[in-house]
Structures are given as C-alpha cells and as structure tokens.
Amino acid sequence: MLKAGDRDDFTLITPEAEISESSHGGRAKCLQRLVRLGLPVPRTVALSFGAVHEIAEGRGPDTARLLAAFGEAPVISVRPSSEDPDWGGPGAILHIGMNDARRDALAERIGRKAADRLYLRFITTFACEVARLDPEPFEEAIEAADPVAAALAAYLDEADEPFPQNPARQLDEVLRSMARAWEGVSARLLRQARGAPVDAGLGLVVQDMAHGLGPGESGSGRIRTIDPLTGERRVTGLYKRKSMEMRALGLAGERMALAAVPGEASMEATAPAIYGELVGMAELCRARLRDELELKFIVVEDRPLLLDAVRVPRGARANVKIAVALAQDGIITPEEALLRVEPQSLAELLHTQVDPEAERDVILRGIAASPGGATGRLVFTARAAQASASHEIPCILVRRETKPEDIRGMHAAQGIVTERGGMTSHAAVIARGLGLPCIVGAGRVSISVRKKTLVTADGRVFREGDLVTVDGTRGEALCGAVAMLEPALDRDFNTLMGWADAVRDIGIRANADTPDDARMAHMFNAEGIGLCRTEHMFFEPARLNVMREMIFADDETDRQAALERLLPMQRDDFVELFRIMGGAPVCIRLFDPPLHEFLPSDREGMMGLAESLDLPLSDVIRRVESLAEFNPMLGMRGVRLGVTVPEIYDMQVRAIFDATVEASRQAGVAVVPEIMIPLVSARREVELVKSRIDALAAAVRVESGLAFDYRLGVMVETPRAALRAGEIAANAAFLSFGTNDLTQMTYGLSRDDAGRFMGTYVSNGVFHEDPFHTLDQEGVGELLLLGSERARAVRPGVVLSVCGEHGGSPDTVEFCRNAGFDYVSCSPFRVPVARLAAAHLALKAPKGKT
C-alpha cells in the first residue's frame, strides 16, 4: 500500500491489493483482474471514491509522492473509474508530466516533430479541460510556425501565468479538476438520470504512459473478438501503426484493420506475432473475465501492453448472441445468460429496425407506440392503403386517429402514424398486435385528409405519395428511405427463449384476433390465446356488409337472418384458431364494441351504405344518428349488448361450439374453448348470459352427439366488477382483468385523448408514468388485488389473469406473479418480452423465498 501522509490516498494495483468496484470503481477492478491474469499492464495506481471526494473538498494527496511510484520523469494518464461506465464521468487526461525538459528528452529518441506533437496535445488538453481556458487561441496555435511556442504563449496570455512545468502540480490540478467535475450539479443530475444513486462515487486510475513510439513495431489500437453489431465471433478493431518515418515527420500513423483483409493492410499481415499475442490475450479475458471485452492496447518496441479493458458496447442482437455463446462454451450458465439480456431489448430482435448508424432527417416525433421500422408512401385513408397494397406499393397510413373501420387499411399498411392517441389507443393496440411500427400522439403536426397533406412543426409539407420512414422504436418519422436491419429470430434467440421457459413460473399467452395473429402467437411459443377480440373478424368487407344489414334489420327475424349468414364465417375462424393453437387454450371474448363503430361516419360512406342496402340516404342517416351515443365507450357495448340484443351472442356462442365439435373431430383431441363476457359490472349480467350459453351448449351436444366441455369467464374492466369479484366469480371459471378499460374507468381518462396532456402531467409529477403505458400499481393495481382476493375467497380455484396491453410489460408480469395470477396475455410481438421477464423474476426471487 502506497501512502500519502497518514491517509491511504492511493493504492498500487497489484494482484493482492484491496481493490473493489464499490470502493475504486469498475475500471480499477478490471485492471487488477488483468494483472491477476498475468497480462502486461503498465504500472497503475488507483484512487478510491473517498480519496477523490477529499480532493474535491480541497484535501488532495501528496502528488510528488504519487509520481514517485512511477520512477524518474514519468509521463502518466488519469482516467475515471465509476461503478458503472454508463454513469459517465470526466474525460481522460493524457501525457501528464510533459514539460519543456521532457519534450527535449523525448525528441532525442523519437524525433522533434513527434515530441512536439505530444507536448502540444497535452498543453491544449490541460488548458481547455483543466484550466478551463478559451479553446480558440489554442486552436489557432496549431496553425503557427512553432505550434508549441504559440500554445505556451497563449496559455501565458489567457491564464496570466506560465504553463506549469512541475509534473506534481500538473497532476494536482488534473485530479482536482476531475474530482470537482464529478461532484458538480450538472454531472450529478445527468448520472442520476442514467440510474446512478445520489451519492455515487468516482475513483481515478493513474497509469504510466507507454507511448508506442520507440524503434521496432510500435502503435496503438483496440481489439475485440466479436462483431459488436451482430455478435458474430471474429476479430475486429483498429490498429494505428507508427513507423519511424511517420514519427520523424510528425504524422499520426497508418490506420489499418487487425485481422487480414484482402487487398488492404492489416496488423495480422504486418505484425503476425504481435497479432497472435493480442488475440490470445482477448480470448483469455473472455474465458476468465466471462464476457466479451474490448482491449485497449499499445505496442512498444514489439511488445504489446494492455491499457484498459471494457465491456464491448453492443446492441440487443449482438447481446443475445454473445450471452448464448458464452453459455454454450461453458463460460457462464444458461441462467446467467438469461439475466444478461434485458427483456425490453428483445423488441429490437422481433421487428425490422431502422439502422442506428443511418442518417436521420426527423420530420415528426410522437409516442413510440409499437416498435420497428418501415418505409412507404404516405396515404391518408384506409381505402388508399388497401389500393396501395393491391398494387404492391408499401405505404404508411397517416390519420388523425384510427377507428375500427380503418382496420383493413391498417392491415394493408407497413406503418401507422396518428396525430392523436396514447399507448392504449386503437391505433397503438392494433399496431402492436399486427407487429407494425406505429407512432401516436404526434401532436405538433397538422394532418388534412381532404388536402392529403401532412404539415410538420417546422413548416415542411408532405403529400400523399411522398416517401417516409416510420421508426416506431424511437417514436420518430423520417424523410425518405432509411437503411434497415432485419429481424433476428435465429437459433440463438430460440435457444435463449427455451432457457427462459424452463425456469419461469407464470404463464404467458397472446392476444390474437385472427388466424394470422394466432400463427404469430404460436411462432412466439405463447401458451395459448388469452384474448380473442371477435369484433375484429367482422371488418372484412364481405362480413362488414352483412353486419350492417343486421344493424339495419327492422325486427328480430331479419336480424336473425343476417346473423345466420355471419355464423359460418365465425365458425370457420374459430376452427382455424383451434387448429393453429393445437390444443392450447383459446379464450374468445364475445362481441364488445358499440354497434355504431360498424357504420360510416362521413356522408360519402353513408351514401355507399345506402346504395348497398338499397335504402334512402335519409333512412341511413337517421339510423346512424339513432345509434350515436354521448359517451359510446360507456354506453351500449359489451355484455349490455348481450343482454339487450341476445341474438348476437347466441350466434357467436353457437359458432364457437360448432367449431369446437369440428376441431375436436379433426384433431382427435378434445378442444375446450374459453368464452369470456366483456364489460361486466353485475352478477346478474353473468347469470343471464350464462343461462343462454348453457342452453346452446346442451343443444349442440345433442345435435352433434359429441360431449364437450367449455369454460365461462368474465373480463373485469369496470371498477365495480373488481370490487364485486367475489359474487361474480361464483359463475365464472376465470377472471381476466382488462387493464386498458379498467385504467380508463378508474382514472376517468379517455385513453385516446390522454396523450394531449399526459406529458405535462408526468413532467409535473402528477403521475409517475403514463398509466396507459405502465400499470398503475397503486390505484388500478389495488383493484386487481382486491378483485383477486375476493374472487379466490369464494372460488379458490378461479383462474386469474391480465389481458390488457400492460400484460407484456416486465413490471406488470412482476406484479401479477407476486399477486398469484396464473398468466398474463399480451400482443404476440410482446410475448417473448414477457417470457424473458418472467424468467428473470423466477431467477431473482423464486416463489416461496425472500
């Protein structure tokens, strides 16, 4: 242990030294690990968090004594060492100790120009970063006939004192500057925003500078054994070779690749022995330090030295491949590999993504409602999107807000942008289900469907047919076409997901409304369908016309006739769903939306409907107006339709049971459908619907000669249903909490309009987060807990789940797991995120353990 005075101010890094990440930071600890591996590391001294804090307070170490640890006339560097490199910190300061005498001594060995270059670099860095002088005079000094003399004169002029020639004073000033920069208000707020605690400490490492400027092979560079973008195993990095001729001329050096590249210079070709040594060091670090590291090295007279080792910066794609490869090579366990991949990062693998290296001309920003990237021509109506798709022209659908009648256009589009809406708006929910990139709440743009224009905040006008790119991951739309990265659902991804499924202890299902959705859910290994919203099946053009005939029927007989035409369509959909899911549970929610959503809202649409139904336009307008409601989301929808117009539910239930019989016979295995009643508020609603369902089940059993089972459940979307869950559960085999509507009704917020002010509310601390994006565990969560407790008090075996959009969030998975729920259900593309989040929870906090 080296000491200054009576305090342990600094520690020489040796294999036995008391160095830890919590006291000296990650860089200091990593350097000690390199030393313990017997790797060549320049002499290094570490200053602890406490010592750096003392320096910031004005009580610095004995820098002369510290310098003595490096021998006579040393040239050193100082680098930051925090617990987490993501917290940032002051920049490194190199070449401390350079002065007139040291420059002259170096000039004899490496040439005057090379020595001047080092000295000038240090003078400029010290002046701008340590003394905080105006950088302009030093930038001008570089162009002078004698740059060093000009820089020294500029320092004297700006600082009113000569440039310090005493290395101890130079080091003292550097340490004080870096310590105070860390403890400044701006730096503290910045690292807190990155997750650092208020009292996060900074260590510093002081290292002997090996210049790589002597005779023989000399240079510097970085080496990795992976491609940081893809995670593929191959040597990458850069080598800056400094020949004697270059040093004599004062040139920076020749840049080249490390591994051999046909037709280009490389370190492997020019210095194969040193290259082999470095590859061996990198492989040793990977095996012993248990990660892919980037080694910063310098070559001094044919000898490589390691200056630093940091975790290779990597994207989500590379991270999955690296974690799996380390586990398969026996370096880490599969459980460790799982914990090294953040669940939310998987979204980058599941969708086409905008290349992060591509240039970005941002034209609008909004809420990143559904991840991924897509390029296409702007269209402003669902009909235009369908026409574009029919001509195989990719398009981006832009709307003020989407409605159920836009569903076909949304299917046809490659991406969606809406001026209004939030995380659980219609556009956001449908886009996530379809796996389309989507931006909602782009409130600073002006969209005109009539003029077919989009005017941005800076006044640019985009017209129908203009090419744009949607980046749903960042919530930005870009001008023109941008380079893309393809999805990465490869062997490594599937391997990681298999390990996740082996350890998680809560079920993960998918929300799937169509056979295509179900195929996607099956591809992502969902354990079943937790929510099939049957109304989405009616927006196919042929079905929509029949649905409208049913709505316009004058009596029960005509309405029943229209429903009889819809029944085989519904039955075929359900047969296909059961077939695709191969015996996995399928939960089918009965019809939910108000009927007016199936009718046109503009005059052009009403005229088309009048023609198709052979009715006067006035009759159509009158009927549309009669179905209008002041607040349709709280009006005639869900179970209320099932009670007042029971024929609709009768048709759907009959289709489900007919499909159950057919699918069971085709598969040779019993299919057990789950039927869910939406928007329940009272026990009697369930009793009325249940009696009709039981009667239809009995009739189909008799007609088909096949005994089958089914499960009846309730979608808990109203606060009253959560509070009265005990009595409701008496008639329900399962309760599925629909957190989209439950959040809306608990807060009294419209999920489609909340985006207009939600940012202000969150920034002012009214809400911690947007409750439509992150489950409100205090308010809505309390309703879930009350409902689950009261339901299980009456019916201990009742199955509990969450099927709102929150279901794919790791926070919601954790909440539901802790509350004892059986599964969560989310959009198909969020299923892998939920699976991995559940695995993390099982590994970090096994059930039954604290």
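Look up a bit, the structure's there.
Everything numeric here is computed off the predicted structure, so don't read it as measured data.

Remarks on the environment of Val-324
Within the secondary structure, Val-324 is located in helix α14 (residues 316-328). Between the C-alpha atoms of Val-324 and Thr-812, which are 488 residues apart in sequence, the distance is 26 Å. Apart from residues lying up to four places away in sequence, Val-324 is in contact with Asp-492, Thr-495, Leu-496 and Trp-499.

Side note on the packing of helix α9 (residues 167-183) against helix α10 (residues 185-193)
Remark: α9 packs on α10, axes separated minimally by 5 Å, with the N-to-C direction vectors making an angle of 55°. When the interaxial angle is binned, α9 and α10 end up oblique. Facing Ala-181, Trp-182 and Glu-183 of α9, the residues of α10 in contact are Val-185, Ala-187, Arg-188 and Arg-191. Looking at side-chain class alone, the contact of α9 with α10 contains four nonpolar, no polar and three charged residues.

Points about the nonpolar core
Formed by 145 residues in total, the largest nonpolar core has its most connected members in Phe-657, Leu-735 and Phe-737. Those residues in contact with Phe-657, other than ones at most four positions away along the chain, are Ile-675, Ile-693, Leu-696, Ala-697, Val-700, Phe-708 and Tyr-710. Formed by 54 residues, the second largest nonpolar core is a distinct cluster that contains Ala-51, Leu-67, Ala-196 and Met-209.

A word on a negative patch on the surface
On the surface, Asp-134, Glu-136, Glu-139, Glu-140, Asp-157, Glu-158 and Asp-160 cluster together into a negatively charged patch. If you list the elements that add at least two residues to the negative patch, you get α7 (136-141) and α8 (147-159). The element best represented in the negative patch is α7, accounting for three residues. Looking at where Glu-136 falls in the secondary structure, it is placed in helix α7. What makes Glu-136 partly exposed here is its relative accessible area of 45%.

Here we look at a nonpolar patch on the surface
Together, Phe-757, Tyr-761 and Val-766 make up a nonpolar patch on the protein surface, roughly 250 Å² of accessible area in all. With respect to the element layout, Phe-757 can be found in helix α32 (residues 755-763).

Some thoughts on the pairing of strand β9 (residues 293-300)
Taking burial as the measure, the eight residues of β9 include six buried ones, the bulk of the element. Where strand β6 (residues 219-226) lies against β9, five bridges are found, and the strand directions are antiparallel. Each bridged residue has a counterpart across the sheet, and for Gly-221 the counterpart in β9 is Phe-297. Inspection of the sheet shows β9 paired to strand β10 (residues 303-311) by eight bridges, in the antiparallel sense.

Quick notes on the state of the cysteines
One pass over the full model with this rule turns up zero disulfides. With no disulfide of its own, Cys-587 has Cys-803 as its nearest cysteine by sulfur position, at a separation of 7.2 Å. No disulfide involves Cys-816; its sulfur sits 10 Å from the nearest other cysteine sulfur, which is in Cys-803.

Concerning the pattern of salt bridges
In this structure the tally under the stated criterion is 62 salt bridges. The residue Arg-290 makes a salt bridge to Glu-336 at a minimum N-O spacing of 2.3 Å. With Arg-290 in the loop between α13 (272-289) and β9 and Glu-336 in helix α15 (residues 334-339), this residue pair connects regions lying 46 residues apart in the sequence. Given a relative accessible area of 25%, Glu-336 falls into the partly exposed group. As a salt-bridge pair, Arg-792 and Asp-822 come within 2.8 Å of each other at their nearest N and O atoms. Placement of the pair is Arg-792 in helix α33 (residues 780-794) and Asp-822 in the loop between α34 (810-818) and β31 (823-826), with a sequence separation of 30 residues. Residue class for Arg-792 comes out partly exposed when judged on its relative accessible area of 25%.

Criteria and thresholds
- Residues numbered from 1 in each chain as written.
- Predicted model: local features only at pLDDT ≥ 70, side-chain atom pairs only at ≥ 80, totals over all residues.
- Heavy atoms only, no water.
- Helix = DSSP H or I, 4+ residues; strand = E, 2+ residues; numbered from the N terminus.
- Contact = heavy atoms within 4.5 Å.
- Axes fitted to C-alpha atoms, helices over the stretch in contact; angles between N-to-C directions.
- Parallel < 35°, antiparallel > 145°, perpendicular 65-115°, else oblique.
- Nonpolar A, V, L, I, M, F, W, Y, C, P; charged D, E, K, R; others polar.
- Core = buried A, V, L, I, M, F, W, Y, C linked by side-chain atoms within 4.5 Å.
- Buried < 20%, exposed > 50% of the residue type's maximum accessible area, 1.4 Å probe, protein only.
- Patch = residues over 30% accessible without salt bridge, like charges linked within 9 Å, V, L, I, M, F, W, Y side chains within 5 Å.
- Areas by Shrake-Rupley, 256 points an atom, 1.4 Å probe, with all protein chains shown as cover.
- Salt bridge = Lys/Arg side-chain N within 4 Å of Asp/Glu carboxyl O.
- Lys, Arg positive; Asp, Glu negative; His and termini not counted.
- Charge placed at Lys NZ, Arg CZ, Asp CG, Glu CD.
- Pairing = 2+ DSSP bridges.
- Disulfide = S-S within 2.5 Å.

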